[in-house]
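What the coordinates show
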Amino acid sequence: GENVEQHPSTLSVQEGDSAVIKCTYSDSASNYFPWYKQELGKRPQLIIDIRSNVGEKKDQRIAVTLNKTAKHFSLHITETQPEDSAVYFCAASTGFQKLVFGTGTRLLVSP
Amino acid sequence: KAGVTQTPRYLIKTRGQQVTLSCSPISGHRSVSWYQQTPGQGLQFLFEYFSETQRNKGNFPGRFSGRQFSNSRSEMNVSTLELGDSALYLCASSLEAANEKLFFGSGTQLSVL
């Protein structure tokens with residue numbers, strides 16, 4: 001079955017810096033890759049997603065890139081702000097099947 | 001529009017007992033998925049229901065079961081609780097697909113003593 005690995009587990013940046021979180025997946029048939037943000041004590045929320053027929057997608061300060069050949073995808077956050085501090089989860093799925101999540105990255109943005 | 005509602009918010013049980021968790025999806029959403037969240041393990045998929053039928057299943061033992069009612073509300077049951085079942089159980093709903101645009105509930109924090 002699908003396996004998703006996520007790195008780093010913890011990331012500390014200064015406000016205004018960029019942050020990059022990377023994920024690799026094992027199933028070459030995976031075609032949908034969302035990212036969820038979970039603030040402390042709150043529910044996960046979808047922040048951006050990408051399909052396998054697209055190489056990059058942007059939404060204001062966040063972007064996701066996908067390299068199908070290498071089977072990895074990344075989340076890029078520019079001009080980080082303290083409110084970006086949270087745990088970020090990547091996930092992958094095939095068709096309309098279940099999501100397989102990575103183990104999460106705790107991002108801490110210091111003022 | 002009301003979000004995904006899970007009850008109860010907290011539960012404390014002892015080993016060997018059973019527990020039932022409830023999830024009310026967003027109105028109009030027909031797919032309901034359940035995930036177990038533990039520190040360091042991320043979110044592990046339990047199962048997904050669509051139109052009262054289990055459509056997808058994760059790799060959990062048979063002690064974990066669920067069902068969905070005609071109004072899309074879903075329940076999850078865990079029998080013969082073990083210490084390792086202590087976790088946050090999250091429910092997520094979506095319009096149709098099990099994987100796209102999931103809206104999560106706040107979860108039920110289960111502690112097994």
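Shown above is the structure to which this text applies.
The structure reproduced in this document is the subject of the present report. (Residues numbered from 1 in each chain as written. Chains lettered and ligands numbered in written order. Predicted model: local features only at pLDDT ≥ 70, side-chain atom pairs only at ≥ 80, totals over all residues. Heavy atoms only, no water.)

1. Quick word on the overall build of chain A
- On a plain count of helices and strands, chain A comes out with zero helices and 11 strands.
- Of the regular secondary structure in chain A, the N- to C-terminal order runs β-β-β-β-β-β-β-β-β-β-β.
- Taken against the 2.2 N^0.38 rule, which gives 13 Å for 111 residues, the C-alpha radius of gyration of chain A at 13 Å falls within 12% of a compact globule.
- Summarising its shape, the C-alpha atoms of chain A cover approximately 40 × 25 × 20 Å along the three principal directions. (Helix = DSSP H or I, 4+ residues; strand = E, 2+ residues; numbered from the N terminus. Rg over C-alpha atoms; globule rule 2.2 N^0.38 Å.)

2. Brief notes about the sheet that holds strand S7 (residues 62-67) of chain A
Residues and elements named next belong to chain A.
- In space, the five strands of this open sheet follow the order S1-S3-S8-S7-S6, with antiparallel pairing throughout. Both outer strands of the open sheet, strand S1 (4-7) and strand S6 (56-59), are each paired with one neighbouring strand and no more. Neighbour-to-neighbour, the strand axes of this sheet turn through a mean angle of 15°, independent of strand direction.
- Summarising the sheet, S6 and S7 pair through four bridges and their orientation is antiparallel. (Pairing = 2+ DSSP bridges. Axes fitted to C-alpha atoms, helices over the stretch in contact; angles between N-to-C directions.)

3. Examining the side chain of Asp-84 of chain A
Residue and element names in this part refer to chain A.
- Within the secondary structure, Asp-84 sits in the loop between strand S8 (72-77) and strand S9 (86-92).
- Taking the relative accessible area as the measure of exposure, Asp-84 reaches 7% and is therefore buried.
- Residues contacting Asp-84, with those up to four places away along its chain left out, are Lys-37, Arg-61, Ile-77, Glu-79, Leu-107 and Val-109. (Buried < 20%, exposed > 50% of the residue type's maximum accessible area, 1.4 Å probe, protein only. Contact = heavy atoms within 4.5 Å.)

4. Focus: the nonpolar core
- Trp-35, Phe-73 and Leu-107 of chain A are the most contacted members of the largest nonpolar core, which totals 24 residues.
- Where this core is concerned, the elements lending two or more residues are strand S2 (10-14), strand S3 (19-25), strand S4 (32-38), strand S5 (45-51), S7, S8, S9 and strand S11 (105-110) of chain A.
- Residues contacting Phe-73 of chain A, with those up to four places away along its chain left out, are Ile-21, Lys-22, Cys-23, Tyr-25, Phe-33, Trp-35, Thr-65, Leu-66, Cys-90 and Ala-91 of chain A.
- In this structure, Val-4, Leu-46, Phe-60 and Leu-110 of chain B belong to the second largest nonpolar core, which totals 21 residues. (Core = buried A, V, L, I, M, F, W, Y, C linked by side-chain atoms within 4.5 Å.)

5. Quick look at the state of the cysteines
Residue and element names in this part refer to chain A.
- Within the structure shown, the criterion is met by two disulfides over all chains.
- Each sulfur in the disulfide pair Cys-23 and Cys-90 lies 2.0 Å from the other. Judged by the torsion about the S-S bond (-100°), the Cys-23/Cys-90 disulfide is left-handed. Of this pair, Cys-23 sits in strand S3 while Cys-90 sits in strand S9, and the two are 67 residues apart along the sequence. Each member of the pair, Cys-23 together with Cys-90, is buried. (Disulfide = S-S within 2.5 Å.)

6. Structural notes on the interface of chain B and chain A
- At the junction of the two partners, chain B supplies 22 residues and chain A supplies 19 residues.
- Roughly 1,700 Å² is buried in total at the junction of chain B and chain A, and carbon and sulfur atoms are behind 49% of that figure.
- Contact with chain A buries area across many residues of chain B, yet Leu-43, Asn-99 and Phe-104 of chain B alone supply 32% of it, more than any other trio.
- Between Arg-51 of chain A and Glu-100 of chain B there is a salt bridge whose closest N-O contact spans 2.7 Å.
- Taken together, chain B and chain A are joined by eight residue pairs in polar contact (both at pLDDT 80 or more).
- Mapped by element, the contributors of at least two residues to the side of chain B that touches chain A are strand S4 (31-38), strand S5 (42-50) and strand S6 (53-57) of chain B.
- It is S5 of chain B that provides the largest number of residues to the side of chain B that touches chain A, a total of three residues.
- Each residue belonging to the side of chain B that touches chain A can be placed in one class, and the counts come to nine nonpolar, nine polar and four charged. (Buried area = accessible area lost by both parts, 1.4 Å probe. Salt bridge = Lys/Arg side-chain N within 4 Å of Asp/Glu carboxyl O. Polar contact = N/O pair within 3.5 Å; in protein donor to acceptor, adjacent residues only side chain to side chain. Nonpolar A, V, L, I, M, F, W, Y, C, P; charged D, E, K, R; others polar.)

7. Focus: the sheet that holds strand S7 (residues 64-68) of chain B
Residues and elements named next belong to chain B.
- Read from one edge to the other, the open sheet built from four strands follows the order S1-S3-S8-S7, with strand pairing classed as antiparallel. Unpaired on one side and paired on the other, strand S1 (5-7) and S7 mark the two borders of the sheet. Direction aside, neighbouring strands of the sheet carry axes that sit 20° apart on average.
- Where strand S3 (residues 19-24) meets strand S8 (residues 74-78), five bridges bridge the pair, whose relative direction is antiparallel. By the bridge assignment, Ser-22 is partnered in S8 with Glu-75.

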